[in-house]
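Here is how the chains run, residue by residue.
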Amino acid sequence: MPSYIVTGSSGQLGQCFQTVATEFSEINLFFASRNEVDITRSETIANFYSKFFFDGIINCAAYTNVDQAEKEEENAFKINAEGLQNLIDFAEYKNLSIIHLSTDYVFDGQSAIPYNEVSETSPLGVYGNSKMEGEKLLTASLCRKVIVRTSWLFSPFGKNFLKTIALLAQEKKELKIVDDQWGRPTFGMDLARVILKLLSQDTIYNFPILHFANQGVCSWKEFAMAILNEFEQSAIIKGIPSSSHPTLAKRPKCSILDTRRIEKEFQIEIPPWQESLKKCVQILKNDGSF
């Protein structure tokens with residue numbers, strides 16, 4: 001039975017892995033929060049390994065605050081690039097595998113067609129650049145590895161667009177949401193399940209890079225409207241251009257991921273984001289969060 005450590009287990013995606021782990025009894029997962037394994041401190045990785053032997057690493061640890069990264073470039077690169085290099089060094093030393101999560105923000109969003117796994121990367125900001133640098137380091141490594149890029153992540157856990165919109169709608173009658181940025185929302189639990197499914201079949205390393213996002217493209221405004229509809233909230237959504245909502249970091253306008261590789265090569269059926277949104281909202285309603 002393969003054993004994997006999930007780094008960053010207290011983060012949004014890490015909690016998604018914890019939630020679905022029981023569905024995959026053929027994989028032994030160890031969950032390590034930053035307090036247990038800080039990937040910027042290589043000794044914490046070795047210490048954890050000495051207690052819980054594992055065959056590979058699912059790296060969910062990341063610096064993900066897109067705007068704050070513009071102010072904290074050193075910290076973003078320390079986690080997203082140097083921290084990953086620490087995992088790589090240890091993986092090469094112990095002959096371990098790495099599954100690394102990356103992002104649509106490695107692209108500039110100027111393409112007229114969806115980005116596939118071999119599309120040229122060209123990040124717009126510090127966050128995207130730090131993730132791209134991590135990808136380059138892992139690609140150049142000698143360990144068995146795969147990079148899984150995803151986009152517009154939402155789940156019942158942590159801080160994300162879905163929960164932010166639902167909370168704002170409780171406080172305000174009108175919300176102004178950007179309507180000229182397009183992408184594919186991704187339910188974190190769908191992503192975790194697919195990764196664990198491919199891992200259990202030992203096929204996930206067949207390609208160096210995979211893209212996963214739920215089916216369907218929308219704007220942030222459309223995503224927000226669907227969220228309010230599921231929560232039966234009455235706030236009005238007003239679409240605005242990105243130029244009316246300046247942020248520290250520039251966002252890609254159209255960062256749609258092409259997921260045909262993972263669908264066709266692995267026979268993966270990806271549900272529409274609307275369907276997964278319903279499931280996510282139901283979880284939040286059931287646990288009394290909203």
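For the structure, check the block above.
Keep in mind that this is a model prediction, so the values were computed, not measured. (Residues numbered from 1 in each chain as written. Predicted model: local features only at pLDDT ≥ 70, side-chain atom pairs only at ≥ 80, totals over all residues. Heavy atoms only, no water.)

1. Describing a negative patch on the surface
Step number 1: On the surface, Glu 70, Glu 73, Glu 74 and Glu 82 cluster together to form a negatively charged patch.
Step number 2: Note that Glu 70 resides in the loop between strand E3 (56–59) and helix H3 (73–94).
Step number 3: Overall, Glu 70 belongs to the partly exposed group, its relative accessible area being 30%. (Patch = residues over 30% accessible without salt bridge, like charges linked within 9 Å, V, L, I, M, F, W, Y side chains within 5 Å. Areas by Shrake-Rupley, 256 points an atom, 1.4 Å probe, with all protein chains shown as cover. Salt bridge = Lys/Arg side-chain N within 4 Å of Asp/Glu carboxyl O. Lys, Arg positive; Asp, Glu negative; His and termini not counted. Charge placed at Lys NZ, Arg CZ, Asp CG, Glu CD. Helix = DSSP H or I, 4+ residues; strand = E, 2+ residues; numbered from the N terminus. Buried < 20%, exposed > 50% of the residue type's maximum accessible area, 1.4 Å probe, protein only.)

2. What about the sheet that holds strand E10 (residues 209–211)?
Step number 1: The strand order E2-E1-E3-E4-E5-E10 describes an open sheet built from six strands, whose pairing is parallel. Of all the strands in the sheet, just strand E2 (28–32) and E10 have a single pairing partner and so form its edges. When the angles between neighbouring strand axes are averaged without regard to direction, this sheet yields 20°.
Step number 2: As defined by bridge partners, strand E1 (residues 3–7) adjoins E2 across five bridges and the pair is classed as parallel. Following the sheet pairing, Val 6 is matched in E2 by Phe 31.
Step number 3: Across the face of the sheet, H3 comes into contact with E3 and strand E4 (97–103) while running at roughly 165° to E4. (Pairing = 2+ DSSP bridges. Axes fitted to C-alpha atoms, helices over the stretch in contact; angles between N-to-C directions. Contact = heavy atoms within 4.5 Å.)

3. Overview of the packing of aromatic side chains
Step number 1: Summed over the entire model, instances satisfying the criterion amount to 16 aromatic pairs.
Step number 2: Grouping aromatic residues by their ring pairs yields a cluster made of Phe 30, Phe 48, Tyr 49, Phe 52, Phe 53, Phe 54 and Phe 90. (Phe/Tyr/Trp six-rings, centres within 6.5 Å; stacked < 30°, edge-to-face > 60°.)

4. Structural notes on the packing of helix H5 (residues 161–171) against helix H7 (residues 220–231)
Step number 1: Running from N to C, H5 and H7 point in directions that differ by 65°, and their axes come no closer than 10 Å. In this structure, H5 crosses over H7, and the sense of that crossing is right-handed. Mapping the contact onto sequence places Phe 161, Leu 162, Ile 165, Ala 166 and Ala 169 in H5 and Trp 220, Phe 223, Ala 224, Ile 227, Leu 228 and Phe 231 in H7. (Left-handed = near helix turned anticlockwise from the far one by under 90°.)

5. Here's the deal with the environment of Gly 134
Step number 1: Summarising the element assignment, Gly 134 is placed in helix H4 (residues 126–139).
Step number 2: Gly 134 sits 50 residues away from Leu 84 along the chain, and the two C-alpha atoms are 6.3 Å apart.

6. Comments concerning H4
Step number 1: Counted at 1.5 Å a residue, the expected span for H4 with its 14 residues is 20 Å, and the 20 Å between its end C-alpha atoms agrees.
Step number 2: Within the span of H4, buried status applies to Val 126, Tyr 127, Gly 128, Ser 130, Lys 131, Met 132, Gly 134, Glu 135 and Leu 138.
Step number 3: Against the buried residues of H4 lie H3, E4 and strand E5 (144–150). (Expected span 1.5 Å × (residues − 1).)

7. Examining unusual backbone geometry
Step number 1: Although it is not a glycine, Trp 152 sits at a positive phi angle of roughly 45°.
Step number 2: Relative to the assigned elements, Trp 152 resides in the loop between E5 and strand E6 (153–154).
Step number 3: Residue class for Trp 152 comes out buried when judged on its relative accessible area of 7%.

8. Things to note about the pattern of salt bridges
Between side chains of opposite charge, pairing is possible as soon as their charged atoms come close.
Step number 1: In this structure the tally under the stated criterion is nine salt bridges.
Step number 2: Between Glu 230 and Lys 278 there is a salt bridge, and its shortest N-O distance comes to 2.9 Å. Residue Glu 230 is found in helix H7, and its partner Lys 278 is found in helix H9 (residues 273–286); the two are separated by 48 residues along the sequence.
Step number 3: Take Glu 230: its relative accessible area is 17%, and that puts it in the buried class.

9. Regarding the pairing of E1
Step number 1: Within E1, five of the five residues are buried, which leaves it mostly tucked inside the rest of the structure.
Step number 2: Side chains Ser 3, Ile 5 and Thr 7 project from E1 onto one buried face, and the interleaved Tyr 4 and Val 6 project onto a second face that is buried too.
Step number 3: Of the crossover connections in this fold, the one passing from E1 over helix H1 (residues 12–20) to the parallel E2 is right-handed.
Step number 4: Examined bridge by bridge, E1 and E3 share four bridges and lie parallel to one another. Each bridged residue has a counterpart across the sheet, and for Tyr 4 the counterpart in E3 is Gly 56. (Right-handed = clockwise from strand over helix to strand, strands pointing away.)

10. Remarks on the packing of H7 against H9
Step number 1: Viewed as axis vectors pointing N to C, H7 and H9 meet at an angle of 45°, and their least axial separation amounts to 10 Å. The angle between H7 and H9 places the two elements in the oblique class. For the pair H7 and H9, the sense of crossing is right-handed. Contacts between H7 and H9 pair Glu 222, Phe 223, Ala 226, Ile 227, Glu 230 and Phe 231 from the former with Trp 273, Leu 277, Lys 278, Val 281, Leu 284 and Lys 285 from the latter.
Step number 2: Each residue belonging to the contact of H7 with H9 can be placed in one class, and the counts come to eight nonpolar, no polar and four charged. (Parallel < 35°, antiparallel > 145°, perpendicular 65-115°, else oblique. Nonpolar A, V, L, I, M, F, W, Y, C, P; charged D, E, K, R; others polar.)

11. Focus: empty space enclosed by the protein
Step number 1: On inspection of all chains with the given rule, the structure shows one cavity of 30 Å³ or more.
Step number 2: Class assignment for the residues of the lining of the largest cavity results in seven nonpolar, two polar and two charged. (1 Å grid on protein atoms, 1.4 Å probe; cavity = no way out; pocket = protein on both sides within 12 Å on 5 of 7 lines; lining within 4 Å. Points joined across faces, edges and corners; volume = space filled by probe spheres on them.)

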